[in-house]
Amino acid sequence: MDSVSQPDTPAGEPPSPSSNVLGVLIAVLTLTLPLFVVAHFSAATAELEQPPTFSVPASAGR
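Residues numbered from 1 in each chain as written. Predicted model: local features only at pLDDT ≥ 70, side-chain atom pairs only at ≥ 80, totals over all residues. Heavy atoms only, no water.

Caption draft 1: Molecular detail of the overall build of the chain. For the chain, the helix and strand inventory stands at 1 helix and 0 strands. Expressed as a percentage of the 62 residues in the chain, the buried residues total 0%. (Helix = DSSP H or I, 4+ residues; strand = E, 2+ residues; numbered from the N terminus. Buried < 20%, exposed > 50% of the residue type's maximum accessible area, 1.4 Å probe, protein only.)

Following this line, the structure appears as structure tokens:
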């Protein structure tokens, strides 16, 4: 199985600086955004009120 892949730019032309910056920005967001989202929602659930707990009285006959 031979797969031939052609680059988007011709061989003699370097990629533009804006595409390099865009690639770095996407990589940084891909790595950091999930961490911030998980941290935000895990902190938000810690602030929820806990449901009240009720104790059942023990019967005197046992």
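Caption draft 2: Spotlight on the UniProt feature "transmembrane region" (unreviewed entry) in the chain. The sites that UniProt annotates as "transmembrane region" (unreviewed entry) are residues 20-41. Summarising residues 20-41: 100% helix, 0% strand, and an end-to-end C-alpha distance of 32 Å. (UniProt positions renumbered as here; feature names shortened; annotations may be inferred.)

Caption draft 3: Focus on a nonpolar patch on the surface. A surface patch of nonpolar side chains, amounting to about 660 Å² of accessible area, comprises Leu22, Leu25, Ile26, Leu29, Leu33, Val37 and Phe41. Considering the arrangement of structural elements, one finds Ile26 in helix H1 (residues 17-46). By relative accessible area, which is 48% here, Ile26 ends up partly exposed. (Patch = residues over 30% accessible without salt bridge, like charges linked within 9 Å, V, L, I, M, F, W, Y side chains within 5 Å. Areas by Shrake-Rupley, 256 points an atom, 1.4 Å probe, with all protein chains shown as cover. Salt bridge = Lys/Arg side-chain N within 4 Å of Asp/Glu carboxyl O.)

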